[in-house]
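# A look at the structure
Spelled out from the first residue to the last, the chains are:
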Amino acid sequence: MSLGACDASRSAGEWGRRAACSGASVMYMARRSSIELTFREVNASSRDVFVPGGVVVDWIDKTAYACAASWARAACVTSYVGNMHFTVPVPTDTPVTVQARVVHTGRTSVHVQTRVLIDHPETGWTVCTECFMIYVAVGADGEPVPVVSFEPQTELERCRDVDSAQRMVYRRQVEEVIQSLPLDLGTSESLTLRFLVDTDQRYPDGKIRGGAVMKWIDKTAEICAERYCGYDVATVLTGGVRFYRAITVGDLVEVDARLVLTGSKSMHVLVRVRGGHRWEKDPELVAYGLPVMVAPDGEGSARHIVPWEPITDEDHAIAEKARQLRDLRNATLLVPGPLSMSN
């Protein structure tokens with residue numbers, strides 16, 4: 001699988017590229033509230049002509065990390081990946097611009113709003129997706145450290161700041177639903193991937209980047225959905241992921257995916273990531289995700305999906321929780337709008 005290569009950065013500068021692409025030290029980079037990076041999927045990592053959602057999320061994480069680390073002047077770790085709806089698929093071998101800007105700060109956290117754009121030869125710049133990311137600044141000992149407060153200067157910045165703070169209420173509600181999920185995930189289509197972590201996709205402090213974990217979530221959900229419907233699938237909605245602990249190289253990771261809800265054309269796949277030392281028999285929770293998959297018909301639409309009917313009490317419980325998560329997500333989903341200078 002080929003990762004999208006960092007082709008250029010029109011406004012991030014050399015330090016932004018180093019932080020996002022090579023994990024260089026961020027202690028001496030200039031403090032910035034916004035950064036822009038450009039990526040391209042050079043060798044397609046999908047059988048389709050579009051870039052997989054997990055790869056796009058990885059690009060978002062790289063750009064948002066560079067922005068958060070630049071503002072904090074410290075190493076950061078991913079705490080939350082917001083929901084994102086792919087209104088426009090990202091074609092392979094096409095330059096993709098990812099923009100990130102600081103919109104809110106907590107005592108140790110940096111909230112970053114991102115958007116993904118492609119330059120269409122006929123229609124101009126098009127927004128593919130937008131999402132919020134939250135990072136926590138950490139010191140050399142891995143413990144959270146205070147960050148400089150972001151002070152909004154314009155009315156639009158003040159609106160973004162308030163909106164970001166209000167979204168934390170929603171995230172707490174999502175976390176409550178997730179924590180109430182039964183350990184037994186029912187009888188529907190499922191898949192478990194287990195592997196030892198061996199990747200160079202790390203933060204400067206050695207921990208595995210949130211974007212890499214998001215790719216695992218997206219890929220496992222993709223395989224699970226394909227096994228259920230019998231067709232190639234694509235991600236239309238992902239994110240909404242809260243990270244509970246970090247992963248390091250050498251950890252044994254388990255990625256469990258299970259189909260929990262279907263629409264007429266959509267498949268909702270609950271993914272649970274756990275990890276720890278290879279000898280631990282009860283690995284700790286790393287993250288949850290609920291990607292939504294569809295099966296493209298090759299003509300610009302999605303195939304109808306055979307509905308999944310819950311059977312056991314666990315099936316019904318999981319399906320109800322999935323509906324709650326869906327409704328909470330839809331209530332605050334940031335839908336990409338037309339591109340404008342004020343965005």
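Everything numeric in this text was worked out from a predicted model, so none of it was measured.

### A word on the overall build of the chain
Secondary structure assignment for the chain yields five helices and 14 strands. Sequence separation of at least 24 residues holds for 74% of the intrachain contacts in the chain that already meet a minimum separation of 6. Taken as a whole, the chain presents about 15300 Å² of accessible surface, with 51% of it coming from carbon and sulfur.

### Things to note about helix α4 (residues 210-229)
The end-to-end C-alpha distance of α4, which contains 20 residues, comes to 29 Å, matching closely the 28 Å that a straight helix rising 1.5 Å per residue would cover. Within α4, 16 of the 20 residues are buried, leaving the element largely enclosed by the surrounding structure. Looking one or two places after α4, you find G230, whose phi comes out positive at around 85 degrees.

### Let's talk about the pattern of salt bridges
Tallied over the full model, the rule gives 15 salt bridges. Its salt-bridge partner being R326, residue D327 comes within 3.3 Å of it at the nearest N-O pair. On the basis of relative accessibility, which here comes to 44%, the residue D327 falls in the partly exposed class. With a relative accessible area of 25%, R326 lands in the partly exposed category.

### Quick word on the side chain of T78
Looking at the secondary structure, you find T78 in strand β3 (residues 75-81). A polar contact is formed between the side chain of T78 and the side chain of D61, at a distance of 3.2 Å.

### Digging into the nonpolar core
Counting residues in hydrophobic clusters, the biggest one holds 74 residues, and the most contacted among them are Y135 and I247. Examining the composition of this core, we find that 13 residues originate from one element, helix α2 (residues 53-72), more than from any other. Y170, V260, L290 and I318 belong to the second largest nonpolar core, which has 16 residues in total.

### Side note on the environment of V233
Within the element layout of this structure, V233 appears in the loop between α4 and β9 (234-238). Once residues lying within four places of it in the same chain are set aside, the contact partners of V233 are E222, A225, E226, M267, M293, V294, A295 and P296.

### Quick word on the confidence of the model for the chain
Summary statistics for the chain give a mean pLDDT of 81 and a share of 85% for residues scoring 70 or more. Here residues 1-28 is modelled with pLDDT under 50, and outside its nearest four sequence neighbours on either side it reaches 70 contacts, counting other chains as well. Counted against residues more than four places away or in other chains, residues 337-343, with its pLDDT under 50, gives 13 contacts.

### Here's the deal with the packing of helix α3 (residues 155-179) against helix α5 (residues 313-331)
Where α3 contacts α5, the two axes come as close as 10 Å, and the packing angle between them is 170 degrees. The orientation of α3 relative to α5 falls into the category roughly antiparallel. Within the contact between the two elements, α3 uses Y170, Q173, V174, V177 and I178 and α5 uses K321, Q324, L325, L328 and R329. Class assignment of the residues belonging to the contact of α3 with α5 gives a composition of six nonpolar, two polar and two charged.

### Quick word on the side chain of S266
Note on placement: S266 falls in strand β12 (residues 266-276). Classification of S266 by relative accessible area gives buried; the value is 18%. Sequence-distant contacts of S266, defined by excluding residues within four places in its chain, comprise L261, V292, M293, V294 and I305.

### Quick word on the packing of α2 against α4
Across the interface, α2 lies against α4 with an axial gap of 8 Å and an inter-helix angle of 170 degrees. In terms of orientation, α2 and α4 fall into the roughly antiparallel class. Where α2 approaches α4, its residues G53, G54, V55, V57, D58 and D61 are matched on the opposing element by G210, G211, A212, M214, K215 and D218. Considering only residue class, the contact of α2 with α4 consists of four nonpolar, four polar and four charged.

Cut-offs used in this document
Residues numbered from 1 in each chain as written. Predicted model: local features only at pLDDT ≥ 70, side-chain atom pairs only at ≥ 80, totals over all residues. Heavy atoms only, no water. Helix = DSSP H or I, 4+ residues; strand = E, 2+ residues; numbered from the N terminus. Contact = heavy atoms within 4.5 Å. Areas by Shrake-Rupley, 256 points an atom, 1.4 Å probe, with all protein chains shown as cover. Expected span 1.5 Å × (residues − 1). Buried < 20%, exposed > 50% of the residue type's maximum accessible area, 1.4 Å probe, protein only. Salt bridge = Lys/Arg side-chain N within 4 Å of Asp/Glu carboxyl O. Polar contact = N/O pair within 3.5 Å; in protein donor to acceptor, adjacent residues only side chain to side chain. Core = buried A, V, L, I, M, F, W, Y, C linked by side-chain atoms within 4.5 Å. pLDDT = per-residue confidence, 0-100. Axes fitted to C-alpha atoms, helices over the stretch in contact; angles between N-to-C directions. Parallel < 35°, antiparallel > 145°, perpendicular 65-115°, else oblique. Nonpolar A, V, L, I, M, F, W, Y, C, P; charged D, E, K, R; others polar.

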